[in-house]
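Coordinate analysis (summary)
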Amino acid sequence: MPSEFDRPPHHVSEVKRAFIDHGYPMEPGIAHLLDSGLLGKGTESPLNPYCAAVVECMPLSVRFPDAGVDREVIVFARSVASDDLACVERETRRVFEVHYDLSNPAWLDWVAEYDDSWVWLESVVRSLKTFHKA
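The text that follows walks through the structure, step by step, so that each part is easy to find. (Residues numbered from 1 in each chain as written. Predicted model: local features only at pLDDT ≥ 70, side-chain atom pairs only at ≥ 80, totals over all residues. Heavy atoms only, no water.)

**Some words on unusual backbone geometry**
In this structure, R93 is a non-glycine residue whose phi angle is positive, near 65°. For R93, the position within the fold is in the loop between β3 (84–89) and β4 (95–101). (Helix = DSSP H or I, 4+ residues; strand = E, 2+ residues; numbered from the N terminus.)

**Observations concerning the sheet that holds strand β5 (residues 107–114)**
Pairing is antiparallel in the open sheet, where five strands are placed in the order β1-β2-β3-β4-β5. Both edges of this open sheet fall to β1 (50–52) and β5, since each of them pairs with a single strand only. Between one strand axis and the next, the sheet turns through 35° on average, direction left out of account. Pairing of β1 with strand β2 (residues 73–79), which is carried by three bridges, proceeds in the antiparallel orientation. Its bridge partner lying in β2, C51 is registered against R78. In this fold helix α1 (residues 10–21) packs onto β1, β2 and β3, with an angle of close to 155° to the strand it touches most, β2. (Pairing = 2+ DSSP bridges. Axes fitted to C-alpha atoms, helices over the stretch in contact; angles between N-to-C directions. Contact = heavy atoms within 4.5 Å.)

**Some points on the pattern of salt bridges**
For the structure on display, the rule yields six salt bridges. Among the salt bridges present, the one from R90 reaches E72, with a minimum N-O distance of 2.7 Å. One end of the pair, R90, is in the loop between β3 and β4; the other, E72, is in the loop between α3 (60–63) and β2, and 18 residues separate them in sequence. For R90, a relative accessible area of 21% puts it in the partly exposed group. Residue class for E72 comes out partly exposed when judged on its relative accessible area of 44%. With its nearest N and O atoms 2.6 Å apart, the salt bridge here joins R94 to E113. (Salt bridge = Lys/Arg side-chain N within 4 Å of Asp/Glu carboxyl O. Buried < 20%, exposed > 50% of the residue type's maximum accessible area, 1.4 Å probe, protein only.)

**Things to note about the pairing of β4**
Taking burial as the measure, the seven residues of β4 include five buried ones, the bulk of the element. Bridge count between β3 and β4: five bridges; the pairing is antiparallel. Bridging from a neighbouring strand, A86 pairs with E97 of β4. The hairpin turn running from β3 into β4, its antiparallel successor, is five residues long, and R93 in that turn takes a positive phi close to 65°. Both β4 and β5 contribute to a ladder of seven bridges, which runs antiparallel. When the bridges of β5 are listed, Y100 appears paired with L108.

Fair warning: the whole summary comes from geometry, so function is off the table for now.
Shown next, in the form of structure tokens:
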């Protein structure tokens, strides 16, 4: 029987399970970010302000059904400092940053697009210096 140290942290299992439950393939770069601990839980995440999106990890069209989402994307990360989410597209594996507002009706602003999770990670790392200086 594996020890508690051999099991992945709960947030890693939850995000991976959400990908499976919603029929999305686990993107290898995102799997690495989760497995390595880089995309951690809440403010403890080394990529703070970004952390693993446990509660939000679902297709964006399910999370915001009235927002007119026309892309097949699933949320994998969220910002603890703002209303921003990072999503990966099912077919292309492109990553999108989305800002949301929960007004009635909820609306989304597609803020940035990246070729893949590694390019998104480069952007997050560049922004860490500015975020942590504030």
